[in-house]
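# Results of the structural survey
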Amino acid sequence: QVQLVESGGGLAQAGGSLRLSCAASGRTSSTYAMSWFRQAPGKEREFVGGISWNGYSTTYADSVKGRFTISRDDAKNTVTLQMDRLKPEATAVYYCAARSGRLSPVRLGREYDSWGQGTQVTVSS
């Protein structure tokens, strides 16, 4: 398995931007689809977006499409979530997750093998 550590969370104003990073270690020679999920207080975890194992395709939740961008740098074993035009409803703990194999990201959390511990994002109105 791969170990994942998120960073970059914090406080932002509505309309602002934040960039989250996910650093992978361990079995990074394996191929992984990588995704971001989030969980707001009192709500279920939800899929934010993901990137395929080769970086060729991305997919996003409708609620963030056009505002959030996922990219990966396999040389640095990192995945980045760029969040622009933030809204207060983006307040949540954000998690990165890895899905082992030459696969595309999927929206079901149970399909992922490894998870980070999360980073808090708070967007003030």
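Below is a short write-up of the structure. (Residues numbered from 1 in each chain as written. Predicted model: local features only at pLDDT ≥ 70, side-chain atom pairs only at ≥ 80, totals over all residues. Heavy atoms only, no water.)

## Points about the nonpolar core
Met34, Trp36, Phe68, Leu81, Met83, Leu86 and Tyr94 are the most contacted members of the largest nonpolar core, which has 28 residues in total. Elements with a contribution of two residues or more to this core: β1 (2–7), β3 (18–26), β4 (32–39), β5 (46–51), β7 (68–73), β8 (78–83), β9 (92–100) and β11 (119–124). In contact with phenylalanine 68, not counting residues within four places along its chain, are Arg38, Val48, Tyr60, Leu81, Gln82, Met83, Asp84, Leu86 and Tyr94. (Core = buried A, V, L, I, M, F, W, Y, C linked by side-chain atoms within 4.5 Å. Buried < 20%, exposed > 50% of the residue type's maximum accessible area, 1.4 Å probe, protein only. Helix = DSSP H or I, 4+ residues; strand = E, 2+ residues; numbered from the N terminus. Contact = heavy atoms within 4.5 Å.)

## Focus on the packing of aromatic side chains
For the structure shown, the criterion picks out 4 aromatic pairs. Ring plane angle 80° and centroid distance 5.3 Å describe the contact between phenylalanine 37 and tyrosine 112, whose orientation is recorded as edge-to-face. Of the two residues, phenylalanine 37 sits in strand β4 while tyrosine 112 sits in the loop between β9 and β10 (114–115), which places them 75 residues apart along the sequence. Here phenylalanine 37 matches tyrosine 112 in class, with each residue buried. A residue is classified by how much of its surface remains accessible, and phenylalanine 37, at 1% relative accessible area, is buried. Of the aromatic side chains, those joined through ring pairs into one cluster are Phe37, Phe47, Tyr112 and Trp115. The residue whose ring lies beneath arginine 45 is phenylalanine 37, and the NZ or CZ to ring-centre distance is 5.7 Å. (Phe/Tyr/Trp six-rings, centres within 6.5 Å; stacked < 30°, edge-to-face > 60°. Lys NZ or Arg CZ within 6 Å of the ring centre and 35° of its normal.)

## Here we look at the sheet that holds β8
Strand-to-strand pairing in sheets goes through backbone hydrogen bonds, with the strands running parallel or antiparallel. Strand order in the open sheet made by the 4 strands is β1-β3-β8-β7, with antiparallel pairing throughout. Here the strands that pair on one side only, and so sit at the sheet edges, are β1 and β7. With direction set aside, neighbouring strand axes in the sheet form an average angle of 15°. Bridge count for β3 against β8 is 6 bridges, and the pairing is antiparallel. In the strand pairing of β8, leucine 20 is matched with leucine 81. (Pairing = 2+ DSSP bridges. Axes fitted to C-alpha atoms, helices over the stretch in contact; angles between N-to-C directions.)

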